[in-house]
Amino acid sequence: MVNIIEDSAYGFIPTLWICALFLVLYSLTTAAHLGQATYYRMWWLFPTMVFGGIGEILGWTGRLWSSQNYHSDKAFYMNICCTIIAPSFMTAAMFIIMGRIINLVGAEYSRLRPRTYSILFITADLISLVVQAVGGAAAASAETPEAAERGANIMVAGIIVQMAAVTIYCIVQVDFLWHVWTDRPVRPRSAPTSVVTPLSDLEDPSKTFTVEKEPVSVEKEPVSGRTRLTSNIRNMLIGLVIATVFIYVRSIYRTIELLGGWKGKVYINEKLFNALDGMPIFMAMFVLNVFHPGRFIAIGKERNAVA
């Protein structure tokens with residue numbers, strides 16, 4: 001039986017030590033992402049993983065503030081809005097990572113071309129982010145419980161968009177990996193590469209005649225996607241799958257929580273929030289610290305580039 005504190009927007013008073021613990025954990029993993037993004041020169045991780053981590057830090061700062069002053073509306077909405085919006089930045093990073101893997105392993109195994117893949121999922125993520133931000137602003141500025149409820153419903157719509165995008169992303173991911181593993185491209189492979197020996201002249205160019213050899217073209221067999229699925233890429237996929245599961249679990253929970261309303265049984269249960277929001281998002285961030293794209297799939301001018 002959950003004891004409800006009527007004058008608290010949470011329905012309870014957030015536990016101080018738990019708030020402090022998550023604040024420390026998120027600060028550590030975000031600092032690690034900041035350092036890793038800088039070290040590997042992966043600047044696209046700043047507006048994704050790093051921003052997402054900062055959002056979580058702000059959210060848990062608001063929750064810590066609420067543990068000391070649970071009457072503060074500013075602290076409450078700081079917590080609610082930031083912890084709802086922050087994971088959208090992280091899913092953007094996951095979409096980029098998967099698009100890069102498709103490029104490295106073979107775009108012919110994906111039903112979506114890498115460019116289409118990036119545009120589709122990043123756009124869906126931005127829509128989710130905007131809708132959640134609008135809902136958060138509406139809830140924060142609401143002057144009545146009904147208006148706050150409408151803001152929460154808008155945030156739910158944003159989370160559902162995010163969950164739909166992650167669901168489609170998972171389907172595309174599984175479909176791609178199945179075609180790679182069975183070596184069944186969904187579109188023609190690119191033309192095989194050739195090694196051409198240059199034309200050769202006689203050693204003495206002063207001769208009155210020249211003999212030319214025909215260019216010799218050696219056709220190379222196309223390398224299968226399964227062969228290109230190196231141990232580095234497999235490790236990156238393991239990390240990506242684990243992080244995706246954590247993000248997905250959290251999305252399901254937040255949808256159920258907010259649909260139940262501000263006084264619903266799920267919303268007023270602090271243990272559920274800690275276990276199904278705080279912990280999964282931290283674990284997703286931590287997993288991507290360990291299975292960092294800089295270690296496994298760096299490209300171009302990034303440090304330790306593999307392509």
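The rules behind each value
Residues numbered from 1 in each chain as written. Predicted model: local features only at pLDDT ≥ 70, side-chain atom pairs only at ≥ 80, totals over all residues. Heavy atoms only, no water. Helix = DSSP H or I, 4+ residues; strand = E, 2+ residues; numbered from the N terminus. Buried < 20%, exposed > 50% of the residue type's maximum accessible area, 1.4 Å probe, protein only. Contact = heavy atoms within 4.5 Å. Areas by Shrake-Rupley, 256 points an atom, 1.4 Å probe, with all protein chains shown as cover. Axes fitted to C-alpha atoms, helices over the stretch in contact; angles between N-to-C directions. Parallel < 35°, antiparallel > 145°, perpendicular 65-115°, else oblique. Left-handed = near helix turned anticlockwise from the far one by under 90°. Nonpolar A, V, L, I, M, F, W, Y, C, P; charged D, E, K, R; others polar. Core = buried A, V, L, I, M, F, W, Y, C linked by side-chain atoms within 4.5 Å. Polar contact = N/O pair within 3.5 Å; in protein donor to acceptor, adjacent residues only side chain to side chain. 1 Å grid on protein atoms, 1.4 Å probe; cavity = no way out; pocket = protein on both sides within 12 Å on 5 of 7 lines; lining within 4 Å. Points joined across faces, edges and corners; volume = space filled by probe spheres on them. Phe/Tyr/Trp six-rings, centres within 6.5 Å; stacked < 30°, edge-to-face > 60°. Expected span 1.5 Å × (residues − 1).

A. View of the overall build of the chain. Of regular secondary structure, the chain possesses nine helices and two strands. Going from the N terminus to the C terminus, the chain shows its helices and strands as α-α-α-α-α-β-β-α-α-α-α. When each of the 307 residues of the chain is scored for burial, the buried share is 45%. Considering only contacts in the chain between residues 6 or more positions apart, those separated by 24 or more positions represent 77%. Summed over all atoms, the accessible surface of the chain reaches about 15400 Å², with 66% contributed by carbon and sulfur.

B. Broad picture of the packing of helix H3 (residues 73-105) against helix H7 (residues 231-259). The contact between H3 and H7 brings their axes to 10 Å, and the two run at 150 degrees. As far as their axial angle goes, H7 and H3 are roughly antiparallel. Crossing geometry of H3 relative to H7 is assigned as left-handed. In contact with Ile80, Thr83, Ile84, Pro87, Thr91, Met94, Ile97, Met98, Ile101, Leu104 and Val105 of H3, H7 contributes Ile233, Met236, Leu237, Leu240, Ala243, Thr244, Ile247, Arg250, Arg254 and Leu258. In terms of residue class, the contact of H3 with H7 is made up of 16 nonpolar, three polar and two charged.

C. Region of interest: the nonpolar core. Formed by 48 residues in total, the largest nonpolar core has its most connected members in Met98, Ile101, Tyr169 and Phe176. Every element with two or more residues in this core is listed here: helix H1 (16-39), helix H2 (46-68), H3, helix H4 (114-140), helix H5 (145-181), H7 and helix H8 (270-290). Ala152, Met155, Leu258 and Trp262 belong to the second-largest nonpolar core, a separate cluster that totals 16 residues.

D. Examining the side chain of serine 110 more closely. Locating serine 110 in the fold gives a position in the loop between H3 and H4. Of note is the side chain of serine 110, whose polar atom sits 2.6 Å from the backbone oxygen of leucine 112. Not counting residues up to four positions away in its chain, the partners in contact with serine 110 are Ile102, Phe176, Val186 and Arg187.

E. Inspection of the layout of surface pockets at higher detail. Its volume calculated, the largest pocket comes out at about 330 Å³. Residue lining of the largest pocket: 17 residues in total, with Ala9, Asp73, Phe76, Tyr77 and Ala148 positioned closest to the centre. Elements with a contribution of two residues or more to the lining of the largest pocket: H3 and H5. Here the lining of the largest pocket is composed, by residue class, of eight nonpolar, four polar and five charged.

F. The arrangement of the packing of aromatic side chains in detail. Inspection of every chain in the model, using the stated rule, returns 14 aromatic pairs. Here the aromatic rings of tyrosine 10 and phenylalanine 76 are separated by 5.0 Å at their centres, their planes lie at 80 degrees, and the arrangement is edge-to-face. Here tyrosine 10, found in the segment before H1, pairs with phenylalanine 76, found in helix H3; they are 66 residues apart in sequence, far enough to count as distant. Judged by its relative accessible area of 2%, tyrosine 10 falls in the buried class. Judged by centre distance (5.7 Å) and plane angle (50 degrees), the ring pair of tryptophan 60 and phenylalanine 273 falls under tilted. Here phenylalanine 273 lies in helix H8 and tryptophan 60 lies in helix H2, a separation of 213 residues in the sequence. Across the pair, phenylalanine 273 and tryptophan 60 agree in class, each one buried. Ring-pair connections join several aromatic residues into one group, and the members of that group are Phe22, Tyr26, Trp60, Phe273, Phe282 and Phe286.

G. Region of interest: empty space enclosed by the protein. Per the counting criterion, the structure on display carries one cavity of 30 Å³ or more. Of the voids in this model, the largest cavity is the one considered here, and its volume is about 50 Å³. Along the walls of the largest cavity sit Tyr10, Phe12, Arg63, Asn79, Ile80, Arg254, Glu257, Tyr267 and Phe273, which together make up its complete lining. Elements with a minimum of two residues in the lining of the largest cavity: H3 and H7. For the lining of the largest cavity, a count of residues per class yields five nonpolar, one polar and three charged.

H. The arrangement of H1 in detail. Across its 24 residues, H1 extends 35 Å between first and last C-alpha, which sits within 8% of the 34 Å expected from 1.5 Å per residue. Along H1, the positions that sit buried rather than exposed are Ile18, Cys19, Phe22, Leu23, Tyr26, Thr29, Thr30, His33, Gln36 and Ala37. The first or second residue beyond H1 is arginine 41, which carries a positive phi of 60 degrees.

The values are spatial; any link to function lies outside them.
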